[in-house]
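Residue-level listing of the chains:
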Amino acid sequence: MPFGIFLMVDHKQQEGMMVTLMQRFKSQRLPRIMEIKEHVDQGCRLSEYDRLFLDEAMHDAQRNIRHVEDIPECQHLFIQLAHLYKQIMNKAFDNENRA
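## Brief notes about the overall build of the protein chain
- Along the backbone of the protein chain there are three helices and zero strands.
- Counting over 99 residues, the protein chain shows a buried share of 28%.
- Sequence separation of 24 or more characterises 68% of the internal contacts of the protein chain that already satisfy a separation of 6 or more.
- For the protein chain, the accessible area works out to roughly 7100 Å², and carbon and sulfur atoms hold 59% of it.

## Side note on the environment of methionine 34
- Of note, methionine 34 is situated in helix α1 (residues 3-41).
- Spatially, the C-alpha atom of methionine 34 lies 9.0 Å from that of leucine 84, the residues being 50 residues apart in sequence.

## Section: the packing of aromatic side chains
- Taken as a whole and assessed by the stated rule, the structure comprises zero aromatic pairs.
- Between arginine 32 and the ring centre of phenylalanine 53, over which it is positioned, the NZ or CZ distance is 5.9 Å.

## Points about the pattern of salt bridges
- Inspection of every chain in the model, using the stated rule, returns 10 salt bridges.
- A salt bridge links arginine 29 to aspartate 60; the nearest nitrogen and oxygen atoms lie 2.2 Å apart. A residue pair is termed long-range when its members are at least 10 positions apart, and arginine 29 in helix α1 and aspartate 60 in helix α2 (residues 48-68) qualify at 31 residues.
- Relative accessible area serves as the criterion here: at 8%, arginine 29 is assigned to the buried category.
- Note that lysine 37 is salt-bridged to aspartate 41, the shortest N-O span being 2.7 Å. Here lysine 37 and its partner aspartate 41 are both found in helix α1, four residues apart, which amounts to about one turn of the helix.

## Overview of the environment of histidine 39
- Relative to the helices and strands, histidine 39 is located in helix α1.
- Residues histidine 39 and isoleucine 88, spaced 49 residues apart in sequence, show a C-alpha to C-alpha distance of 9.3 Å.

## Looking at helix α3 (residues 72-98)
- The end-to-end C-alpha separation of α3 is 39 Å, in line with the 39 Å expected for 27 residues at 1.5 Å each.
- Cys74, Leu77, Phe78, Leu81, Leu84, Ile88, Ala92 and Asn95 are the residues of α3 that are buried.

## Notes on the side chain of asparagine 95
- Note on placement: asparagine 95 falls in helix α3.
- Discounting residues that sit within four places of it in the chain, asparagine 95 has contacts with Val40, Gly43, Cys44 and Arg45.

## So, the nonpolar core
- Ranked by size, the top nonpolar core spans 18 residues in total, and within it Ile33, Ile36, Leu46, Leu54, Leu81 and Ile88 carry the most contacts.
- For this core, the secondary structure elements donating two or more residues are α1, α2 and α3.
- Apart from residues no more than four positions distant in its own chain, isoleucine 33 is found in contact with Phe25, Phe53, Leu54, Ala57, Leu81, Leu84 and Ile88.

## A few points about the side chain of aspartate 50
- Along the chain, the position of aspartate 50 falls in helix α2.
- Taking the relative accessible area as the measure of exposure, aspartate 50 reaches 6% and is therefore buried.
- Not counting residues up to four positions away in its chain, the partners in contact with aspartate 50 are Arg32, Ile36 and His39.

Thresholds, definitions, all that
- Residues numbered from 1 in each chain as written.
- Predicted model: local features only at pLDDT ≥ 70, side-chain atom pairs only at ≥ 80, totals over all residues.
- Heavy atoms only, no water.
- Helix = DSSP H or I, 4+ residues; strand = E, 2+ residues; numbered from the N terminus.
- Buried < 20%, exposed > 50% of the residue type's maximum accessible area, 1.4 Å probe, protein only.
- Contact = heavy atoms within 4.5 Å.
- Areas by Shrake-Rupley, 256 points an atom, 1.4 Å probe, with all protein chains shown as cover.
- Phe/Tyr/Trp six-rings, centres within 6.5 Å; stacked < 30°, edge-to-face > 60°.
- Lys NZ or Arg CZ within 6 Å of the ring centre and 35° of its normal.
- Salt bridge = Lys/Arg side-chain N within 4 Å of Asp/Glu carboxyl O.
- Expected span 1.5 Å × (residues − 1).
- Core = buried A, V, L, I, M, F, W, Y, C linked by side-chain atoms within 4.5 Å.

So, in structure tokens, the structure goes:
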């Protein structure tokens with residue numbers, strides 16, 4: 001396979017991976033993460049299920065960033081996700097200390 005064609009196929013695979021990851025994030029991860037954030041913002045404690053979900057979401061993000069690390073929009077999204085995770089965990093920690 002000529003080098004140029006290989007780059008095009010690799011780019012198409014990268015694009016497809018990005019679309020798949022973004023769809024999954026938008027339809028599955030983000031709504032649940034926002035529910036959890038609202039829950040802790042109301043002063044509630046994280047359930048074990050919430051903790052496991054957040055851990056899995058962050059683990060998936062860390063594992064999948066290599067597929068999209070060359071795409072600036074995705075880098076920005078991953079940074080925002082990490083910030084959101086930090087906000088949730090900080091608030092959850094505060095809620096635990098008040099309980």
